[in-house]
Amino acid sequence: MASTLTQELLDPILATDPAGPRVTYYDDDTGERVEVSTVTLANWAAKTANLLRDELGLEPGARVSVLLPAHWQTAAVLLGAWWAGAEVVLGADETADLALVHGSRIDEAGDVPEILALSLDAFGKPVPDLPVGVTDYATSVRVHADQFRPSGHQAALEGRSVDEVLASARVRAEAHSLVVGDRVLSSLPWTTAEELVDGLLSVLVAGGSLVQVADPDASRMERRIVTEKVTKTLG
């Protein structure tokens, strides 16, 4: 069976640097900092894939609409969706089988069969006052296993195959001169397929480590480049 996009991205890094930091997330507005290793990211992706398949009944080839900001949990749920064989669509899509949304954007999901809402809270708090029929990610994902066995895959990202997405990611990695071990600072959003490939997938496919900053404060960037041992900057 051909590999899923998640396996193609994570397996090489898991084999060479499983404990190293893979995504370090800052929010300069709140002061939040969260760092996850490759193993931790893979575990969250597996839990997400199991939740999507076993609890919500998502099948390979299903379309998943994603309305989430650039965030370490977004990286985890995207990898989980791809591992489960889903085709990811960024933004609202009423033809989707399931929507992954921030708790403040539930109304944007439209009339899709399943909605999974994320608070993106650093301490795992659920989304408050959820409408009936909406599943809370933080509450549901905890009970699922951190290992996953895929059963197939289809298109990976807005009609593009796994091979096409990987090729695009490698092109962008080469354009940024990314190499294994790079520590990459970025504040790029992931609102389009191009931004997602550029700001996340190019780093993973190169074997790099992402320092993703939300609401960046320019006065902190120079010091952060030193403290986080940044070697490349995007955006």
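Refer to the structure presented above.
Just so we're clear, the structure is a prediction, and the values are computed from it rather than from any experiment. (Residues numbered from 1 in each chain as written. Predicted model: local features only at pLDDT ≥ 70, side-chain atom pairs only at ≥ 80, totals over all residues. Heavy atoms only, no water.)

Participant: Would you mind showing me how to read the overall build of the protein chain here?
Facilitator: A count of helical and extended segments in the protein chain gives 7 helices and 10 strands. Relative to the 2.2 N^0.38 estimate, which gives 18 Å for 235 residues, the radius of gyration of the protein chain is 17 Å and therefore close to what a compact globule would have. Taking the principal axes of its C-alpha atoms as reference, the protein chain extends roughly 45 × 40 × 30 Å. Looking at the protein chain residue by residue over its 235 residues, the buried ones come to 53%. Considering only residue pairs separated by 6 or more positions, the protein chain has 72% of its internal contacts joining residues 24 or more positions apart. Put simply, the protein chain shows about 10400 Å² of open surface, and 50% of that area lies on carbon and sulfur atoms. Each charge class in the protein chain can be summarised by its mean position, and for the 18 positive and 35 negative side chains these summaries are 8 Å apart. (Helix = DSSP H or I, 4+ residues; strand = E, 2+ residues; numbered from the N terminus. Rg over C-alpha atoms; globule rule 2.2 N^0.38 Å. Buried < 20%, exposed > 50% of the residue type's maximum accessible area, 1.4 Å probe, protein only. Contact = heavy atoms within 4.5 Å. Areas by Shrake-Rupley, 256 points an atom, 1.4 Å probe, with all protein chains shown as cover. Lys, Arg positive; Asp, Glu negative; His and termini not counted. Charge placed at Lys NZ, Arg CZ, Asp CG, Glu CD.)

Participant: For this particular structure, what's the right way to read the sheet that holds strand 7 (residues 134–136)?
Facilitator: To summarise the sheet geometry, strands pair through backbone hydrogen bonds and adopt either a parallel or an antiparallel arrangement. With parallel pairing, the 5 strands of this open sheet are ordered in space as 4-3-5-6-7. Looking at which strands have only one partner, the edges of the open sheet turn out to be strand 4 (87–90) and strand 7. Averaged over all pairs of adjacent strands, the angle between strand axes in this sheet comes to 25 degrees, irrespective of strand direction. Of the pairings in the sheet, the one linking strand 3 (residues 63–67) to strand 4 comprises 4 bridges and is parallel in character. When the sheet's bridge partners are listed, valine 64 is paired in strand 4 with valine 88. (Pairing = 2+ DSSP bridges. Axes fitted to C-alpha atoms, helices over the stretch in contact; angles between N-to-C directions.)

Participant: What's the story with the layout of surface pockets in this structure? I'm lost.
Facilitator: A probe as big as a water molecule, rolled over the atoms, marks out the empty space that is left. Size it by volume and the largest pocket reaches roughly 230 Å³. Residue lining of the largest pocket: 18 residues in total, with Ile13, Arg22, Val180, Gly181 and Gly207 positioned closest to the centre. Breaking the lining of the largest pocket down by element, the ones donating at least two residues are helix 1 (5–16), strand 1 (21–27) and helix 6 (193–205). If one sorts the elements of the lining of the largest pocket by residue count, helix 1 sits on top with 5 residues. Its volume calculated, the second largest pocket comes out at about 180 Å³. Looking at the second largest pocket, it is lined by 14 residues, and the ones nearest its centre are Tyr25, Asp27, Pro69, Ala70 and Ala214. Per-element accounting of the lining of the second largest pocket gives the leading share, 3 residues, to strand 9 (residues 209–214). (1 Å grid on protein atoms, 1.4 Å probe; cavity = no way out; pocket = protein on both sides within 12 Å on 5 of 7 lines; lining within 4 Å. Points joined across faces, edges and corners; volume = space filled by probe spheres on them.)

Participant: Looking at this structure, how should I read the packing of aromatic side chains?
Facilitator: Each aromatic ring pair is characterised by the separation of its centres together with the angle its planes make. Applying the stated criterion across every chain, the model contains 3 aromatic pairs. Relative to tryptophan 72, the ring of tryptophan 44 lies with its centre 5.6 Å away and its plane at 80 degrees, an arrangement referred to as edge-to-face. Taken together, the residues span a long stretch of sequence, with tryptophan 44 in helix 2 (residues 38–55) and tryptophan 72 in helix 3 (residues 72–83) at a distance of 28 residues. On the numbers, 5.8 Å between centres and 65 degrees between planes, the contact of tryptophan 83 with phenylalanine 148 is edge-to-face. Here tryptophan 83 is found in helix 3, whereas its partner phenylalanine 148 is found in the loop between helix 4 (137–141) and helix 5 (162–175), with 65 residues between them in sequence. Comparing tryptophan 83 with phenylalanine 148 shows no difference in burial state: the two are buried. A network of ring pairs unites the aromatic residues Trp44, Trp72 and Tyr137 as a single cluster. Over the face of the ring belonging to tyrosine 26 we find arginine 224, whose NZ or CZ atom lies 3.9 Å from the ring centre. (Phe/Tyr/Trp six-rings, centres within 6.5 Å; stacked < 30°, edge-to-face > 60°. Lys NZ or Arg CZ within 6 Å of the ring centre and 35° of its normal.)

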